[in-house]
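Architecture at a glance
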Amino acid sequence: MSQTNRIAGGLIDRSQTLNFSFDGKTYQGHAGDTLASALIANGVRLMGRSFKYHRPRGPLTAGSEEPNALVELRSGARQEPNTRATVAELFDGLTARSQNHVGPLSFDLLAVNDLLSPFFAAGFYYKTFMWPKAFWEKLYEPIIRRAAGLGSLTMQADPDTYDKGFLHCDVLIIGAGPAGLAAALTAGRAGAEVILADEDFLLGGRLNSETLALGDQTGAEWARTTLAELASLPNVRIMARTTVIGAFDHGIYGALERVSDHLPEPLPGKPRQTLWRIYARRSLLCAGATERPIAFENNDRPGIMLGGALRSYANRWAAVPGEKVAIFTNNDDGHRTAADLIAKGVKVTAVIDSRADAPRIADCELLAGAVVTGSTGRLGLRFVKTRTADGRERMIECQALGVSGGWNPNVHLTCHQRGRPQWNAALAAFVPGGTLPPGMLVAGAANGVMSTAGALASGAEAAVATLADLGRKAKPADLPQAEDAPVQITPLFHVPGKGRAWVDQQNDVTVKDVKLAHQEGYISVEHLKRYTTLGMATDQGKTSNIGGLAVMAEMTGKSIPETGTTIFRPPYTPVPIAAFAGRSAGRDFRPTRLTPSHHWAAEQGAVFVEVGMWLRAQWFPREGETTWRQSVDREVLATRKSVGICDVTTLGKIDVQGSDAADFLNRIYANPFAKLPVGKVRYGLMLREDGMVMDDGTTARLAEDHFVLTTTTANAVGVYRHMEFCRQCLWPDMDVQIISTTEAWAQYSVAGPNARKLLQKIVDPAFDISNEAFPYMGCGDITVCGGLRARLFRISFSGELAFEIAVPTRYGDALMRRMVEAGREFDAVVYGTEALGVMRIEKGHAAGNELNGTTTALNLGMGGMVNKKKDSIGSTLSEREGMNRADALNLVGFRPVNPADTFAAGSHLIARDAVANAANDQGYLTSVAFSPNLGHTIGLGLLKNGAARKGEVLRAVNPVQNSETLVEVVSAHFIDPEGDRLRA
Amino acid sequence: MIINHPLLGPRDSQEFTYLGDANLIDRPDWQAEDAVDQFHDYLYLRNNPAGAHRELWFHEQGDRSWLVVTRDTRTHEITAVELARDVARAKGRSK
């Protein structure tokens, strides 16, 4: 029969019947149900197996603090493990499976762990699986991993999207129970910008779970009426299904909105979840309280749950876990559960109250001064064992037991900035104390105000105080008459006994484990946590931390506050990693920068390589070419024979202007710039203040007070940042302005003997670019293609006669196409970064591999460039003795003694007869390529005193690939060492 | 964190790049007798207090101002935000 355990009433919509399945069996529930409430309504108490001992478990709670009822929700790529059934909203077609068992849930083969429990106590792994060492990876770990743990992943890509959002408000109200609603009403009516966020899909907090009246309405009705008014206020934003997960610096709060988790799949264009960053001028924490259990032997049987949860299932969801129910309590609130259930026609067999002076509140048998000492029932509760006030043992029949050990204020967010809660003896609980996060006030049960009337009033008062702090006047909202009972509690955290009593059900930690920790000296709370794993599961010990502390306090003979409290950290409840990533996933992980010729290159079938955020063409394969080397060799040979074109837009470009511009460059570069004539380009070497090389590039003087410099692609951002630092922090009165123009200009290198001829077809005839008029290292403003403004620089990275031509970026694609067309008669090629690299190694130019943060100007053979007659960044510390040793590394070239041999970058240089070890290390190879012009491998490398060792033969040793090659030290300039081609 | 930019008002710290101790403004005189020692101390001996710390932040995703932010390293409370250029001038730096 369907929904055997459904009773009358509740806040579910019985007109909507929803079908769902659990472990392959089909059930029905209603709109407004959670998976847990619908299963309880269908008589299902057993929902999973525990983490370590594979004990049968059912829900302990009715909310986000749930430790037990964790299921795998949905199927296929959307399957999600470890979902709390107590907060999973029911939808039609929902599928869920229990997890962590081998064989059926009712007969888990790994339940043998429970029989072996003496071996699995706290610290068992540390003590047992110590040796032999090799067994850990191969034997122990796989077995433990198989036996322990919770749900499993599908290993399929998540098909959903996740968003991030940003919100601003005057007051963020966290929690929409009585305190939060009264606060929102007060602040909303006063006109403040209010965000009211609650993790539940039905707002109202405990008002939806209680039968207490508010004026002439039920609590749930008052919540509806209040929310309707709030929804009508344009300055109030109500965010349901939104958990505020953390209180961060300066009033920034994180909140996870489950936009689509209540639907079979997200609506088109909607994210599954949104992670909000809320900038709140003030916040009100109205997060309520969480009930805690009392530990006793076998207190984890399905059917044993918190008293307040039992009341929620009955009142809000019209579901009871059994026909007969008993209550075990140490405070008056437990009796309220009994009274509510009796009013619903449920048989309450007894209220067992540990207090000898327990009041008679509900109309059923009361066992005052009695405790529950055990339970029976293989897969669900059948009897509880009690010890009555006179010491006799008595069995009481029940399928459900509501346990109430008192309520803990939800202080979590008050601790996110290291605030420590304080012990309140009257409540027997921690309340917010010490320093709260700036701008936060706490109201209602979260602040230890446990009655409904108290919560309403404190919410309204806190709102008035908060608005006054913001300089606004507000008057407290008119509030209905409500229950105002004081908290009556005599603390009891566990019932002493021989058997196992669970403190932390999610991580399977028992009272005995806490005692063992004490016995072995792990007395500090932080040690207790880590040794037993108490409170370290995904529920972060919301129902277990205080119980564990209490047991430890008992062992040490100290009070609970003396024993301490653990620090709560964000997030309040688990957040999927995908929500933190948002849209920054897959190819959108970071932006992709495309060069102006990218689309042209893609049309040619270019192979691209990621260079930082840029995509650059690596080589351009032509028909018949089967390996990358064929393409690269062709591009290199064609460029050196005739002409090649390369997109060099990615190099950083920085525009420097002002009357002090020349002086400024003189200080940021090691070599002098003050006397660079207008219309000329100069190579610049930039040092860090510690004397290491930071970057290099070329600087063109376009006018007396106008320069354009280039940086390497990789350092463009860092060099610009450094220049701003120098300008603003070191020399604040210099008249110099800088701006990055990397993306404003498309820039191409045109290199090779026919470079000028090609460009003469592009550059307007008014501009003479002959060798006499436009010599090596010349530059100037020109026009191309009939009037388009452009810049031309006669600089060369390849060692050939070469120019770099720049046009405004939007003309970059057109210029590339025009140049390719113009180059056809010269058999021009377009070359990629590989050919670029080969040619610069052939020419002996240092690049990123050599400017690696550990090299000095001296190392790179440019020591003479560091001008000692002026102040520049890095010049002083370059003079340090250690950086000027006679045996310093020098950049030199290498070639294989046998031309057929190859070697690899990274290989270390060792003398011919020496052992290959660190003590005999002579240096290393930084850049290696095959030179198609020379027909063998060439390399650049840093060698001790290398400049004086030309002709010497060494071994290039590569221990990683277990190879070595005899190499000869040669000049780094393999091609045209005299530079005739450059100046042609 | 939120940094109250002197020109632009409150901005999220995600827009900024952090450098460190604001004493990096006090670059020594290269012509001093003991210039190498002074530069060594300037570069390598940075303050790292538990408490109020004057430090350099760069508004990289914004107006490219370098700022001197006084931040308590224990609580992240920010008590002052100044333009680094103004701080440098106040320390007597010019050209």
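Preceding this section is the structure that the text describes.
We now turn to the structure provided with this report. Small disclaimer: the values here were computed from a predicted structure and weren't measured. Each chain has its residues counted from 1, following the order in which its sequence is written. Labels follow written order: the first chain is A, the first ligand is 1, and so on. Thresholds applied to this predicted model are a pLDDT of at least 70 for local features of residues and 80 or more for the giving and counting of side-chain atom pairs; totals over whole chains, interfaces and linings are not thresholded and use all residues. Water and hydrogen atoms were dropped before computing side-chain values, which therefore reflect all heavy atoms in the structure.

1. Considerations on the sheet that holds strand β5 (residues 70-73) of chain A
Residue and element names in this part refer to chain A.
- Spatially, the five strands line up as an open sheet ordered β2-β1-β7-β5-β6, and their pairing is mixed. Here the strands that pair on one side only, and so sit at the sheet edges, are β2 (25-31) and β6 (80-84). Pairs of neighbouring strands in the sheet enclose a mean axial angle of 40 degrees, with direction left out of account.
- Sheet topology places strand β1 (residues 13-22) next to strand β7 (residues 94-98); three bridges connect them, and they run parallel. The residue of β7 that forms the bridge with Phe 20 is Leu 94. At least two DSSP bridges between two strands are needed for those strands to be called paired. Counting from the N terminus, the helices are the DSSP runs of H or I reaching at least four residues and the strands are the DSSP runs of E reaching at least two. Every axis corresponds to a line fitted to the C-alpha atoms, with the helix fit spanning only the stretch in contact, and the corresponding angles, defined between N-to-C directions, vary from 0 to 180 degrees.

2. Let's talk about the interface of chain B and chain A
- Contacts between the two partners involve 34 residues from chain B, matched on the other side by 34 residues from chain A.
- Note on terms: buried area is the combined drop in 1.4 Å-probe accessible area of two parts once they are placed together, counting the loss on both. Taking both sides of the interface into account, the surface hidden between chain B and chain A amounts to around 3100 Å²; carbon and sulfur atoms contribute 55%.
- Among the residues chain B hides against chain A, the three largest losses belong to Arg 27, Trp 30 and Lys 95 of chain B. Together they make up 22% of the total.
- Any carboxyl oxygen of Asp or Glu within 4 Å of a side-chain nitrogen of Lys or Arg constitutes a salt bridge here. Summed over the shared surface of chain B and chain A, the result is seven salt bridges.
- Of the charged contacts in the structure, one is a salt bridge between Asp 660 of chain A and Lys 95 of chain B, with a shortest N-O distance of 3.2 Å.
- Polar contacts here mean pairs of N or O atoms no more than 3.5 Å apart (in protein, one a potential hydrogen donor and the other a potential acceptor; neighbouring residues in sequence count only if both atoms are side-chain atoms). For the pair chain B and chain A, the interface holds 20 residue pairs in polar contact (both at pLDDT 80 or more).
- For the side of chain B that touches chain A, the elements supplying multiple residues, two or more each, are β3 (17-21), α1 (35-44), β4 (52-58) and α2 (84-90) of chain B. The contact definition used throughout considers only heavy atoms, calling two residues in contact when any of these lie within 4.5 Å.

3. Quick look at the pattern of salt bridges
- In this structure the tally under the stated criterion is 61 salt bridges over all chains.
- In this structure, Arg 78 of chain A and Asp 160 of chain A form a salt bridge, with 2.6 Å as the shortest nitrogen-oxygen distance. Placement of the pair is Arg 78 of chain A in the loop between β5 and β6 and Asp 160 of chain A in the loop between α4 (133-147) and β8 (162-174), with a sequence separation of 82 residues.
- One salt bridge in this structure joins Arg 277 of chain A and Asp 12 of chain B, with 2.8 Å as the shortest N-O distance. Separated into two different chains, Arg 277 of chain A in strand β15 (residues 273-285) and Asp 12 of chain B in strand β2 (residues 9-12) make up a pair that spans both.
- Looking at Arg 277 of chain A, the relative accessible area reads 24%, which means it is partly exposed.
- Think of it in three bands: with a 1.4 Å probe and only protein chains considered, a residue is buried below 20% of the maximum accessible area for its type, exposed above 50%, and partly exposed in between. Overall, the relative accessible area of 8% leaves Asp 12 of chain B in the buried class.

4. Section: the packing of aromatic side chains
- Here a Phe, Tyr or Trp ring, Trp counted by its six-membered ring, pairs with any other such ring whose centre lies within 6.5 Å, and the pair is stacked when the planes are under 30 degrees apart, edge-to-face when over 60, and tilted otherwise. In the structure shown here, the tally under the stated rule is 16 aromatic pairs over all chains.
- An angle of 35 degrees between the planes, with centres 4.9 Å apart, marks the rings of Tyr 669 of chain A and Phe 673 of chain A as tilted.
- The exposure class assigned to Tyr 669 of chain A is buried, which follows from its relative accessible area of 1%.
- The interplanar angle of 75 degrees and the centroid separation of 5.5 Å between the aromatic rings of Phe 725 of chain A and Trp 66 of chain B together place this pair among those described as edge-to-face. Note that Phe 725 of chain A is positioned in helix α18 (residues 716-730) and Trp 66 of chain B in strand β5 (residues 66-72), a pairing that runs across two chains. There is no split in this pair, since Phe 725 of chain A and Trp 66 of chain B are both buried.
- Taken together, Phe 725 of chain A together with Phe 58 and Trp 66 of chain B form an aromatic cluster joined through their ring pairs.

5. Remarks on helix α12 (residues 545-556) of chain A
Residue and element names in this part refer to chain A.
- To estimate the expected span of a helix, subtract one from its residue number and multiply by 1.5 Å. Spanning twelve residues, α12 covers 17 Å between terminal C-alpha atoms, matching the ideal 16 Å at 1.5 Å per step.
- Most of α12 sits out of view: nine of its twelve residues are buried.
- Buried within α12 we find Asn 545, Ile 546, Gly 547, Gly 548, Leu 549, Ala 550, Val 551, Met 552 and Ala 553.
- Just downstream of α12 lies Gly 557, where phi reads positive at about 75 degrees.

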